[in-house]
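Architecture at a glance
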Amino acid sequence: MKKLASIFLLFLFGIWNSVWAQYYKLDSLIQVAMEDTQTVGLSLAVIKNNQLHYIKTYGYKNLETKEKLDPEDMFRIASISKSFTATAIMQFVDTKKINLSDDISDLMGFRIRNPKYPEQVITLKMLLSHTSSINDKEGYFTLEAIHPNYNPNWANAYNDYAPGSTYQYCNLNFNILGTLLEKLSGERFDNYIPQQILKPLGISGGYRVDALDPTKLVTLYEYNSSTKSYKPAEAAYAKRAEEIKNYKLGWSTPIFSPTGGMKITAKDLALYMKMHMNYGKSNGIRIISKKSSKLMQTPVSLPDYYGLALQETRKLIPGITLVGHTGSAYGLFSTMFFNPKKGYGIVLITNGTNGGYDQGYNKILKQGFELVYQEILK
């Protein structure tokens, strides 16, 4: 019996040692990639076999103080935020309060029409899929950009092609959708998303800076190629106290940036991702219907493969189909992509890097995805 016990312990030790070596190798390779791309900090979270599997941070939260990144630190994740807005909109589609084919003019209460195609309806689905023919030429930080009563150049906010005919990424689409969410719910945007999506999933985060722990916010760094140095992006976590003081429900919403303003940890973003991996449900909690979740993941426009705030790609890990979203703003780059059929997904966020792009993806994040897949998922 003692001999069998010894053999069993040696067997367990061998497994533990092998697993430890596997993750040690991954961490070492990621650190080399960070050095090559002059990356400030990097936060990683992995879902494997449909469970939170691995969390790791590398590098600095703050270059000036040399404070290290921690898994509980929050980033402004930029355009991955769009998927939260879309998820909230789909909740209202599920309750049949709205329909994807609805005229966005009727929903918003003012005329939203491409002047070159005045009789053609711009639908809710077109905004969600970036096929609305709306652009960001007049800006997107206020709805005045597209409102005929406020902006004499409102027609510039539309492209020459017909609504629904092709894809062009547009931030204004999602600031309109965030505003619509307030009209539908009667709640301020920054309160609705945490209450209806984050809290049911047991995760933290939010859009309003002064509602978050300031010690948890990761400093974002923009690289200056002239000075070959990093500078903190002070605007990334602007509190907008005056704008909030004078807030008008169903109009002022863009100050919270439904298009890019979510602040969250990589770990909690991975747990949110898990809900989408399971078609709207996680740990027994349903956030949106299976039908709506699948619609979000189904490409509307080709060859862009963009669905409803989620995009399909085979370029991030060559030859592997993944669904998710990227984000970039104020020096930050973020990625959240998953394979629902295989039950895995990866979240990677950096607060500053100088590696450029590889096949349309930030280089350190693409390298990170490939390394995680090769070392612990494949």
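Shown above is the structure to which this text applies.
These notes cover the structure that comes with them. (Residues numbered from 1 in each chain as written. Predicted model: local features only at pLDDT ≥ 70, side-chain atom pairs only at ≥ 80, totals over all residues. Heavy atoms only, no water.)

For the protein, the count of helices and strands is ten helices and 15 strands. Overall size of the protein, expressed as C-alpha extent along the three principal axes, is 85 × 50 × 40 Å. Residue burial in the protein is summarised as follows: out of 378 residues, 53% are buried. Across the protein, the fraction of contacts at a sequence separation of at least 24, relative to all contacts at a separation of at least 6, is 67%. Approximately 17000 Å² of the protein is accessible, and the part contributed by carbon and sulfur atoms is 51%. Within the protein, one finds 43 positive and 32 negative side-chain charges whose respective centroids are separated by 8 Å. (Helix = DSSP H or I, 4+ residues; strand = E, 2+ residues; numbered from the N terminus. Buried < 20%, exposed > 50% of the residue type's maximum accessible area, 1.4 Å probe, protein only. Contact = heavy atoms within 4.5 Å. Areas by Shrake-Rupley, 256 points an atom, 1.4 Å probe, with all protein chains shown as cover. Lys, Arg positive; Asp, Glu negative; His and termini not counted. Charge placed at Lys NZ, Arg CZ, Asp CG, Glu CD.)

With that settled, consider the pairing of strand β5 (residues 221-224). Inspection of the sheet shows β5 paired to strand β6 (residues 229-232) by four bridges, in the antiparallel sense. Residue pairing for β6: Y221 is matched across the bridge by P232. Between the antiparallel neighbours β5 and β6 lie four residues, among them K228 with a positive phi of about 55 degrees. (Pairing = 2+ DSSP bridges.)

For the rest of this paragraph, the subject is the packing of helix α5 (residues 171-185) against helix α6 (residues 189-201). Where α5 contacts α6, the axes come no closer than 9 Å and their chain directions differ by 75 degrees. Regarding the angle of α5 to α6, the classification is roughly perpendicular. Contacts between α5 and α6 involve G178, L181, E182 and S185 from the first element and F189, Y192 and I193 from the second. Its residues placed into classes, the contact of α5 with α6 shows four nonpolar, two polar and one charged. (Axes fitted to C-alpha atoms, helices over the stretch in contact; angles between N-to-C directions. Parallel < 35°, antiparallel > 145°, perpendicular 65-115°, else oblique. Nonpolar A, V, L, I, M, F, W, Y, C, P; charged D, E, K, R; others polar.)

Attention shifts here to the pattern of salt bridges. With the rule as written, the count across this model stands at twelve salt bridges. Put simply, E72 and K267 hold a salt bridge, and the shortest N to O gap is 3.1 Å. Note that E72 is positioned in the loop between β3 (67-68) and β4 (75-76) and K267 in helix α8 (residues 266-277), a separation of 195 residues in sequence. Of the charged contacts in the structure, one is a salt bridge between R240 and E243, with a shortest N-O distance of 3.6 Å. Among the charged side chains, a salt-bridge network with shared partners connects R188, D190, R208 and D210. (Salt bridge = Lys/Arg side-chain N within 4 Å of Asp/Glu carboxyl O.)

Turning to the environment of Y192, a few remarks are in order. Counting through the fold element by element, Y192 comes out in helix α6. Along the backbone, Y192 and I264 are 72 residues apart, and their C-alpha atoms lie at a distance of 16 Å. Contacts of Y192, omitting those with residues within four sequence positions, involve A88, Q91, F92, L181, S185, E187 and I197.

So, on to unusual backbone geometry. Leaving glycine out, the prevailing phi sign among residues is negative, and the prevailing peptide bond configuration is trans. Here the bond from L302 into P303 is cis, since omega is 10 degrees, no more than 30 degrees from zero. The phi torsion at N50 lies on the positive side, around 65 degrees, for a residue other than glycine. Mapping N50 onto the fold places it in the loop between β1 (41-48) and β2 (51-62). Judged by relative accessible area, which is 23%, N50 ranks as partly exposed. Of note, Y279 is a non-glycine position whose phi angle comes to about 55 degrees, a positive value. Residue position: Y279 is located in the loop between α8 and β8 (281-282).

With that settled, consider helix α2 (residues 81-94). Over its 14 residues, α2 extends 20 Å from the first C-alpha to the last, a length consistent with the 20 Å expected when each residue adds 1.5 Å. Within α2, 13 of the 14 residues are buried, which leaves the element mostly enclosed by the surrounding structure. Backbone geometry just after α2 places K96 at a positive phi near 65 degrees. (Expected span 1.5 Å × (residues − 1).)

Now for the sheet that holds β2. Judged by pairing direction, the sheet is antiparallel, and its seven strands sit side by side in the order β3-β2-β1-β13-β12-β11-β10 without closing on themselves. Each end of this open sheet is capped by a strand with a single partner; those strands are β3 and β10 (311-313). Relative to β3, β2 is paired through two bridges, and the arrangement is antiparallel. Bridging across to β3, N62 finds its partner in E67. Sheet contacts for α8: β1, β2, β12 (332-339) and β13 (344-350); angle to β13, the most-contacted strand, approximately 145 degrees. Where helix α10 (residues 363-377) meets the sheet, it contacts β1, β2, β11 (322-329), β12 and β13, and its direction lies at approximately 145 degrees from that of β13.

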